[in-house]
Amino acid sequence: MDEELNKSDQGEIERPAYCSFIRAGKTYYIPIEYLREVVEIEEIFPVPLAPQYIKGAIPLRGEVIPVIDIATIHSPSLASQDTRILIVVDVLKESIGFLSDSLPSFVYTREIPEEDIIDLNKFFETYMIREGV
């Protein structure tokens with residue numbers, strides 16, 4: 001990344017901001033510019049024939065949001081733990097939600113391992129079910 005583009009008015013290099021959340025003991029990071037909101041959910045409605053990592057969907061402000069359990073992608077044998085926190089992100093003009101074991105935190109650093117940062121564009125293209133496919 002071009003360091004010149006990330007300098008503040010004082011000439012210091014800005015640190016990227018991430019939403020950090022934990023699922024099944026692993027910490028994940030989402031670039032904060034994708035974060036839409038964090039919500040507590042009451043019920044997840046099942047989606048017939050959906051892959052294991054799609055736990056269902058929820059209605060949210062007039063939209064249907066798919067609920068993703070990222071832990072089942074990395075470790076399919078993990079039992080689904082009951083959680084009520086959903087990290088909602090907007091990517092490619094769509095909204096998706098990631099289950100989280102607790103409220104997220106926000107970090108400002110360059111010290112995060114690349115493999116722990118969710119590349120949302122790549123994730124969406126790789127794992128989401130597209131209409132008509």
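Residues numbered from 1 in each chain as written. Predicted model: local features only at pLDDT ≥ 70, side-chain atom pairs only at ≥ 80, totals over all residues. Heavy atoms only, no water.

Colleague: What exactly am I supposed to notice about unusual backbone geometry here?
Modeller: Trans peptide bonds make up most of the peptide bonds, and negative phi angles are found at most residues other than glycine. Notably, L92 is not glycine yet its phi reads approximately 50°, a positive angle. By secondary structure assignment, the location of L92 is in the loop between β6 (85-91) and β7 (94-100). Its identity as a non-glycine residue notwithstanding, K93 has a phi of 65°, on the positive side. Along the polypeptide, K93 turns up in the loop between β6 and β7. Classification of K93 as exposed rests on a relative accessible area of 86%. (Helix = DSSP H or I, 4+ residues; strand = E, 2+ residues; numbered from the N terminus. Buried < 20%, exposed > 50% of the residue type's maximum accessible area, 1.4 Å probe, protein only.)

Colleague: How should I be thinking about the environment of Y28 in this particular structure?
Modeller: Take Y28: it is sitting in strand β2 (residues 26-31). Using a relative accessible area of 3% as the deciding quantity, one classes Y28 as buried. Linking Y28 and Y18, residues 10 residues apart in sequence, is a C-alpha distance of 9.4 Å. Here Y28 is in contact with C19, S20, F21, R23, I70, A71, H74, D116 and I118, once residues within four sequence places are set aside. (Contact = heavy atoms within 4.5 Å.)

Colleague: Help me out: how do you make sense of the environment of K55 in this one?
Modeller: The topology assignment puts K55 in strand β4 (residues 54-60). Taking the C-alpha atoms as reference, K55 lies 9.9 Å from I70; in sequence the two are 15 residues apart. For K55, the side chain forms a polar contact with the main-chain oxygen of Q52, separated by 3.3 Å. (Polar contact = N/O pair within 3.5 Å; in protein donor to acceptor, adjacent residues only side chain to side chain.)

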